[in-house]
Structures are given as structure tokens and as C-alpha cells.
Amino acid sequence: MPTELVLREATSLDAHDVASVYLRARRAAPMPPAVHPDDDVRRWLAVRLQSDEVWVAEDDRAVVGYARLTEAWLDDLYVDPSRAGQGVGSALLDLAKSVRPDGFCLWVFESNAPARAFYARHGLLALERTDGSANEERTPDIKMAWPGAQPLAFLRGLIDEVDAQLGDLLARRAALTRAVQPLKADPTQRDLTREHQIAAALAVRAPALGAERIERIVHAIITESLDAART
Ligand SMILES: O=C(O)C(=O)C[C@]1(C(=O)O)C=C[C@@H](O)C=C1
């Protein structure tokens, strides 16, 4: 009979055990193959242990899982495969919620259906899907969030972050629209074929909005950018 699970903050002495859990858990999960050799992973995690908030789950004095947190992220949550399905992950996730009461985000590979179901069962929201081009494994992943004690404020904070990027993109795009106008034979004529191509390309990237809405959004952006270019 295993003894009761103990959760405690990791020390540098846990580096070897934490890395062993990470390596074993990753191999057992439906995740893409690791891109770094095991020794590099061990060195990297030892460094992270010094800077990040890492909690280990211990059973019979053996590390059976760990959670690694940075400011508003749950960066790692891994359970030794020999202890899967025994509540270790739930205990670590509950702990993450208690030490990040304002909420946190995490990335999970799309292929990792058991982890996604686990997070969904524990109240995390799926917010974004990527094509994987921005991660090391080049594998589609999903951003999930636990929105904390004040979910409206948490999600509005995420909207503000995206809007900051959107504002920068709108400014860059409007500057290009402006730069193009003097090169056109008749700048008063809009090129609707080109605008349609732009909307179609965007619709592929934002399928949830649907082609017609994207068409209207692109039309509004171009109309207003052309208007700004005339001033
Ligand atoms: O590509 C052009 O011809 C532009 O003037 C730029 C632009 C745009 O902002 O993308 C603006 C107006 C045109 O109708 C089509 C595209």
C-alpha cells in the first residue's frame, strides 16, 4: 500500500528525480518525440528548478510527479506513468490552482487526448489551437486556461494582450496600404479580386469566424486604412 501523497516545494536535490519523471511521462504519453537528448533535458530542468516554482508529489519518499509554474503559466505537469490514474495529477493541478488563484494558462499537444480530457474535467478552458509552427516539436498544440477566482477579469486580461498585438498589426497593415497607393495607376479604384484573395487567406487561419465574417472584417480594415491614407 503506498503511503499518503505529500506535496512539497522542490529543492535542487530533486533535479534528477524530476527529470526522470518528465522523461518517463513524455515517452508514455501520446506526445511528439523529444527534440533534445535526455542529458540536455536534465541540465535544462535543473536550471529551471532554480528559477521556477516547482512542486513535487512524493509517495514513499519517491518523486511520482511534479508541477512547474512560472508567473501565469503551468509550464509542466507530469506524473510518473507507473502512478497514472491515481490522483497524483489532480492533486498537483489543485495545488497549481491554489498557488495561482488568479488563473493560469498552459499548452497541451493536440495529440495528447488524455491530458486534454483531464484538464477539461478539471474546469480548464480550451482557448487557442496552433499549427505547431511556433513550438520546438512543430506539432499542433492547444492553449488552455484555468480562469481563476475572477474568470471575467482573467479572460479580459487575455483579450487585452491579443488586442495589443492586433493594434500593432493594424498599424503595420495601414502603413503598407498607405505605401502602396502612390504606386497604383488609379488609387481611387479598389481591387476587389485582391481583397477577396486576402479574405480567403485569412479565413483559412481563422476558420471559427467563417468566410463571410472575415470578408466583412477585411473590407472594414481596408476601407478605414484607405481613409487614413488619404489624410
Ligand atoms: O493591393 C492594393 O492594390 C492595395 O491598394 C492595398 C489594399 C490593401 O490594403 O490590402 C487596399 C486596397 C485594394 O482594394 C486592395 C488591397
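What you are looking at is a predicted structure, and each value in this text was computed from that prediction instead of being measured.

Draft legend 1. Highlighting helix H4 (residues 113-121). All of the buried residues along H4 are Ala-115, Phe-118 and Tyr-119. End-on view of H4: buried residues confined to an arc of 95°, all on one side of the axis. In this structure, the buried residues of H4 make contact with strand E4 (73-79), helix H3 (88-99), strand E5 (104-109) and strand E7 (141-146). Positive backbone phi, at 85°, marks Gly-123, one or two positions downstream of H4.

Draft legend 2. Fine view of the UniProt feature "domain: Chorismate mutase" (unreviewed entry) in the protein chain. UniProt records the feature "domain: Chorismate mutase" (unreviewed entry) at residues 146-231, using the numbering of this structure. Helix makes up 73% of residues 146-231 and strand 1%, whereas the separation of the span's terminal C-alpha atoms amounts to 45 Å.

Draft legend 3. Expanded view of the UniProt feature "domain: N-acetyltransferase" (unreviewed entry) in the protein chain. In the numbering adopted here, UniProt assigns the feature "domain: N-acetyltransferase" (unreviewed entry) to residues 5-153. For residues 5-153, helix accounts for 35% and strand for 30%, while the C-alpha atoms at its two ends are 34 Å apart.

Draft legend 4. Structural view of the site of the ligand. In the vicinity of the ligand, the contacting residues are Arg-173, Thr-177, Val-180, Gln-181, Lys-184, Arg-190, Asp-191, Arg-194, Glu-195, Ile-198, Ile-222 and Leu-226. Contact between the ligand and Arg-173: an oxygen atom at 2.9 Å from a side-chain N or O atom of the residue. Contacts to the ligand include Gln-181, whose side-chain N or O atom sits 2.9 Å from an oxygen atom. Elements supplying a minimum of two residues to the shell around the ligand: helix H5 (151-180), helix H6 (192-205) and helix H7 (211-229). A breakdown of the residues in the shell around the ligand according to their chemical character gives four nonpolar, two polar and six charged.

Draft legend 5. Seen up close, the pairing of E7. Most of E7 is tucked away: six of the six residues are buried. In E7, alternate side chains face the same way, and those of Asp-141, Lys-143 and Ala-145 on one face and Ile-142, Met-144 and Trp-146 on the other are all buried. Looking at chain direction, E5 and E7 are connected through six bridges and run antiparallel. Residue pairing for E7: Val-108 is matched across the bridge by Ile-142. Where strand E6 (residues 125-129) and E7 come together, four bridges link them in antiparallel fashion. In the sheet register, Arg-129 faces E7, and the bridge partner there is Ile-142.

Draft legend 6. The arrangement of the domain arrangement of the protein chain in detail. Along its sequence, the protein chain is organised into domain 1 (6-149) and domain 2 (155-229). In this structure, domain 1 and domain 2 have C-alpha centres spaced 38 Å apart.

Draft legend 7. Spatial organisation of the packing of H5 against H7. For the pair H5 and H7, interaxial distance at closest approach is 9 Å and the crossing angle is 60°. Between H5 and H7, the interaxial angle falls into the category oblique. Handedness of the H5/H7 crossing: right-handed. Along the contact surface, H5 presents Leu-170, Arg-173, Ala-174, Thr-177 and Arg-178, while H7 presents Ile-221, Ile-222, Ser-225, Leu-226, Ala-228 and Ala-229. Considered class by class, the residues forming the contact of H5 with H7 number seven nonpolar, two polar and two charged.

Draft legend 8. Highlighting the nonpolar core. Counting residues in each nonpolar core, the largest one holds 23 residues, and the members touching the most others are Leu-74, Leu-77, Leu-93, Phe-104, Leu-106, Tyr-119 and Leu-124. Those elements that place two or more of their residues in this core are strand E2 (53-59), strand E3 (62-70), E4, H3, E5, H4 and E7. Examining the composition of this core, we find that five residues originate from one element, H3, more than from any other. When residues no more than four places from it in sequence are discounted, the contact partners of Leu-106 are Trp-73, Leu-74, Tyr-119, Leu-124, Ile-142, Lys-143 and Met-144.

Draft legend 9. Looking closely at the side chain of Arg-26. Secondary-structure assignment places Arg-26 in helix H1 (residues 15-28). Taking the relative accessible area as the measure of exposure, Arg-26 reaches 10% and is therefore buried. A distance of 3.3 Å separates the side chain of Arg-26 from the backbone oxygen of Pro-32, its partner in a polar contact. Those residues in contact with Arg-26 that lie beyond four places of it in its chain are Met-31, Pro-32, Pro-33, Tyr-78, Phe-109 and Glu-137.

Reading guide: rules and limits
Along each chain, the written sequence defines residue order, and numbers are assigned to residues from 1. In keeping with the predicted nature of the model, local features appear solely for residues at pLDDT of at least 70, side-chain atom pairs appear and are counted solely at 80 or more, and the whole-chain, interface and lining totals rest on all residues. Note that the side-chain values use all heavy atoms of the structure and ignore hydrogens as well as water. Only protein chains enter the accessibility calculation, which uses a 1.4 Å probe; a residue whose area is less than 20% of its type maximum is buried, one above 50% is exposed, and one in between is partly exposed. Each helix is a run of DSSP H or I of at least 4 residues and each strand a run of E of at least 2, with the numbering of both proceeding from the N terminus. Here, the arc refers to the directions that run from the helix axis to the C-beta atoms. Residue contacts follow a heavy-atom distance rule, with two residues in contact if any of their heavy atoms lie within 4.5 Å. UniProt positions are given in the numbering used here, feature names are shortened, and annotations may be inferred rather than shown by experiment. We call a residue near a given molecule or strand whenever any one of its heavy atoms falls within 4 Å of it. Pairing of N or O atoms within 3.5 Å defines a polar contact, subject to two protein rules: one partner must be a possible hydrogen donor and the other a possible acceptor, and residues neighboring in sequence count only if both atoms are side-chain atoms. Side-chain classes follow a simple rule in which Ala, Val, Leu, Ile, Met, Phe, Trp, Tyr, Cys and Pro form the nonpolar group, Asp, Glu, Lys and Arg form the charged group, and the remainder, Gly included, forms the polar group. Strand pairing is assigned whenever DSSP identifies at least 2 bridges connecting the two strands. Domains are outlined according to an automatic or database domain assignment. Only C-alpha atoms enter the line fits that serve as axes; for helices the fit covers just the stretch in contact. Angles between N-to-C directions range over 0 to 180 degrees. Between 65 and 115 degrees an angle is taken as roughly perpendicular, under 35 as roughly parallel, over 145 as roughly antiparallel, and anywhere else as oblique. What makes a crossing left-handed is the near helix being turned counterclockwise from the far one by less than a right angle; a clockwise turn instead makes it right-handed. Residue types Ala, Val, Leu, Ile, Met, Phe, Trp, Tyr and Cys, when buried and joined through side-chain atoms within 4.5 Å, form a set referred to as a nonpolar core.

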